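A structural walkthrough
If you want the building blocks of each chain, they are given just below.
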Amino acid sequence: MQEIRNILVVEDELDLAELLRYNLNVSGHKAEVVHSGAAAIESVAAKKPDLIILDIMLPEMDGIEVATKLKRSAETSTIPIIMLTAKSADEDQIRGLDAGADDYVTKPFSIKVLLARVDAVLRRASKEAGASSIVELGPVRIDLDRHEASCVGEGIKLTLTEFRLLAALMQAPGRVLSRRGLISNAIGPGITVTERTIDVHVAAIRKKLGDYGSMIQTVRGVGYRINEPDA
Ligand code: CA
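The shown structure was predicted, so the numbers you read here are calculated from the model rather than taken from an experiment.

Examining unusual backbone geometry
The omega angle of the peptide bond from Lys107 to Pro108 is -5°, so this bond is cis rather than trans. With respect to the element layout, Pro108 can be found in the loop between strand 5 (103-106) and helix 5 (111-130). Positive phi is not limited to glycine here, since Glu60 has a value of about 60°. Structurally, Glu60 is set in the loop between strand 3 (51-55) and helix 3 (63-72). For His147, which is not a glycine, the phi torsion comes out positive at approximately 55°.

Pasting the structure below:
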């Protein structure tokens, strides 16, 4: 299911602005159009859009200046920007990306291409935002920010090292992580502990996962991996 996203179009060519608004709305977004840089800044301050399509060539305050302003403020710096640049003006594209644009499309462009870019940038942005720190595998769920773990909805108490070990495994499901890799991941690089220490911690985590302890598998001679529980 697609969420409706608010998209701000900043374009002084009225026909093009209208064409963009129409097509974005038809494809399930909610587009608002402004025709100047100043109006863009105002609009963003009033309501933060999920994405901005920003023409580089605008009267007075141009797209570069708008992007620079938005990227400089913590409030607005995370709003993705797709810059519209003049054809073959490589310089513009570089300036646009330098100013913090996430992507650019050169004019003239096909609406189809632009819509695809819009979707790609939105997907990327929501993935980053939604890297919200929750990692789930089967019944096990961890919150990387809050340092909380649960199994089948029940909170489990882990030591910091255990938490980091579990987090490292959960972020690479199905992949074998070496003991050495786990040490530098969970305990810190340059700290000398024996590889046996990892085994002790893993045994403790398994115990705390109860029936699901077997999700963490020993790979003989190498290390550990976590898998979804057997059905
Ligand atoms: Ca323009």
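Once you've had a look at it, read on.
Section: the sheet that holds strand 1 (residues 6-10)
Taken in spatial order, the five strands line up as 2-1-3-4-5 in an open sheet, and their pairing is parallel. The strands lining the two open edges of the sheet, one partner per strand, are strand 2 (30-34) and strand 5. Pairwise comparison of adjacent strand axes, ignoring direction, gives a mean angle of 20° for this sheet. Here five bridges tie strand 1 to strand 2, and the two strands are oriented parallel to one another. From the neighbouring strand, Val10 faces strand 2, where its bridge partner is Val34. Against the sheet, helix 1 (residues 14-26) contacts strand 1, strand 2, strand 3 and strand 4 (81-85), and its axis sits at roughly 170° relative to strand 2. Running over the sheet, helix 3 touches strand 3 and strand 4 and is turned about 165° from strand 4.

The rules we used
- Residues numbered from 1 in each chain as written.
- Predicted model: local features only at pLDDT ≥ 70, side-chain atom pairs only at ≥ 80, totals over all residues.
- Heavy atoms only, no water.
- Helix = DSSP H or I, 4+ residues; strand = E, 2+ residues; numbered from the N terminus.
- Pairing = 2+ DSSP bridges.
- Axes fitted to C-alpha atoms, helices over the stretch in contact; angles between N-to-C directions.
- Contact = heavy atoms within 4.5 Å.

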